[in-house]
Amino acid sequence: MAKWQERAELLFKKEGVNNLKNANVLVVGLGGVGSFAAEFLARAGVGNMTIVDGDVVDITNINRQLPALHSTIGMPKVHVVGDRLMDINPELNLTRLEEFLSPERAFEVVAEEFDYVLDCIDSITPKLNLIIAAKRKRVKIISSMGAGGKMEASKVKVTDINNSENCYLAKTMKRRLKEVKIDKLKVVFSSEIQDESSLKMTDGKNFKKSFYGTNSWMPCLFGLYAAETVVKYLLKR
């Protein structure tokens, strides 16, 4: 056992630490949710990880995203997060994919070798493509719903998407999943009603190109719940 895992082994036991070391996890999207989820997984001792994101750090990311600093603006998120993960665990077997997943690439990237997929994408169509790929290939997946416009940490939970409420993203995803005959999906969501006053219409009228205000802790909390779900599963394999 590596010395840095001493406290983890006391809680996870030797078998659990070995399970995590041998696990293989895919994290897609390294924004406010995915960056923290990836770090929690690395610090838990997950030994094999693939991270995917085609975006670069923007100054507006600083209030909520782990890789976002004034010193990293303009740098690819997959590089910043990847370097940080390797600094946490130099023995981590890490694959970095600097890209946005097209439908075809989603089916190529999601493979049976993964024990779990974390969907931390915030755009509907790529999110749907990733979920479809995981479901078709029978790879376990947990999907993050909307953290924007929400403030109450106690309202965040993990459940099947059919049990979600007060989430516009989940509502849209339920409809889109029904169209492709997917009726179950484990999600992280918040039951808090979104603050409509925090909505910004980016072109003045098009809701599809709008976004809600976000804070420093809600996206991180979604990532925490996703990582917790995955780690608990891996420990019990």
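Residues numbered from 1 in each chain as written. Predicted model: local features only at pLDDT ≥ 70, side-chain atom pairs only at ≥ 80, totals over all residues. Heavy atoms only, no water.

For the protein chain, an unreviewed UniProt entry supplies the name tRNA threonylcarbamoyladenosine dehydratase and the organism Flavobacterium orientale.

Novice: Explain the pattern of salt bridges to me, and be specific about the residues and the numbers.
Specialist: In total, this model carries 12 salt bridges according to the counting rule given. With its nearest N and O atoms 2.9 Å apart, the salt bridge here joins Glu 39 to Arg 43. In this pair, Glu 39 and Arg 43 both sit in helix H2 (residues 34-44), four residues apart, roughly one turn of the helix. The partly exposed category is assigned to Arg 43, whose relative accessible area is 47%. In this structure, Asp 83 engages Arg 96 in a salt bridge whose closest nitrogen and oxygen atoms are separated by 2.8 Å. In this pair, Asp 83 is assigned in helix H3 (residues 77-88) and Arg 96 in strand E3 (residues 93-97), connecting sequence segments 13 residues apart. Note on Asp 83: relative accessible area 47%, which makes it partly exposed. Residue Arg 96 is classed as partly exposed on the basis of its relative accessible area, which comes to 33%. Connected through shared salt-bridge partners, Glu 39, Arg 43 and Arg 84 make up one network. (Salt bridge = Lys/Arg side-chain N within 4 Å of Asp/Glu carboxyl O. Helix = DSSP H or I, 4+ residues; strand = E, 2+ residues; numbered from the N terminus. Buried < 20%, exposed > 50% of the residue type's maximum accessible area, 1.4 Å probe, protein only.)

Novice: A description of the sheet that holds strand E2 (residues 48-52) should follow, citing residues and the corresponding values.
Specialist: Spatially, seven strands are ordered E3-E2-E1-E4-E5-E7-E6 in an open sheet, and the strand pairing comes out mixed. Edge positions in the open sheet fall to E3 and strand E6 (156-160), since each of these has one partner strand only. This sheet shows a mean twist of 20 degrees between the axes of neighbouring strands, independent of strand direction. Note: strand E4 (residues 116-119) against strand E5 (residues 141-144), three bridges, orientation parallel. Looking at E5, one finds that Val 117 is bridged to Ile 141. (Pairing = 2+ DSSP bridges. Axes fitted to C-alpha atoms, helices over the stretch in contact; angles between N-to-C directions.)

Novice: With reference to specific residues and values, describe the packing of aromatic side chains.
Specialist: One pass over the structure, following the stated rule, counts three aromatic pairs. Plain terms: the ring middles of Tyr 116 and Tyr 233 are 5.4 Å apart, the flat faces sit at 80 degrees to each other, and that makes the pair edge-to-face. With Tyr 116 in strand E4 and Tyr 233 in helix H7 (residues 218-235), the pair connects residues that are 117 residues apart, well separated along the chain. For Tyr 233, a relative accessible area of 32% gives the class partly exposed. Consider the rings of Tyr 168 and Tyr 212, whose centres lie 6.4 Å apart with planes at 15 degrees: the pair is stacked. Here the residue Tyr 168 occupies a position in helix H6 (residues 168-179), and Tyr 212 occupies one in strand E9 (residues 211-212), the gap between them amounting to 44 residues. Tyr 212 gets classed as buried once you look at its relative accessible area, which sits at 13%. (Phe/Tyr/Trp six-rings, centres within 6.5 Å; stacked < 30°, edge-to-face > 60°.)

Novice: Can you lay out H2 for me, pointing to particular residues and giving the numbers?
Specialist: Counting buried residues in H2 gives nine out of 11 residues, a clear majority hidden from the surface. If you follow the buried residues of H2, they end up packed against helix H1 (6-22), strand E1 (24-28), E2, H3, E4 and H7. Just past H2, the residue Gly 45 takes up positive phi, approximately 105 degrees. (Contact = heavy atoms within 4.5 Å.)

Novice: Give me the pairing of E1: which residues, what numbers.
Specialist: With five of five residues buried, E1 lies mostly within the body of the structure. With burial as the criterion, each face of E1 is covered, one bearing Asn 24, Leu 26 and Val 28 and the other bearing Val 25 and Val 27. Pairing of E1 with E2, which is carried by five bridges, proceeds in the parallel orientation. Within E2, the residue paired with Asn 24 across the bridge is Asn 48. Crossover handedness for the path E1 to H2 to E2: right-handed. Strand direction decides the pairing type here: E1 and E4, joined by four bridges, are parallel. Note on E4: the bridge partner recorded for Val 25 is Tyr 116. (Right-handed = clockwise from strand over helix to strand, strands pointing away.)

Novice: Requested: an account of the nonpolar core, with residues and values cited.
Specialist: Judged by nonpolar contacts, the single largest core of 38 residues is most densely connected at Val 27, Leu 41, Met 49, Ile 51, Leu 85 and Leu 118. At eight residues, H7 tops the list of elements feeding residues into this core. For Met 49, the contacting residues outside a window of four places in its chain are Asn 24, Val 25, Val 27, Ala 38, Leu 41, Ala 42, Leu 85, Leu 92, Asn 93, Leu 94 and Thr 95. With 31 residues, the next largest nonpolar core counts Leu 128, Val 139, Leu 185 and Val 187 among its residues. (Core = buried A, V, L, I, M, F, W, Y, C linked by side-chain atoms within 4.5 Å.)

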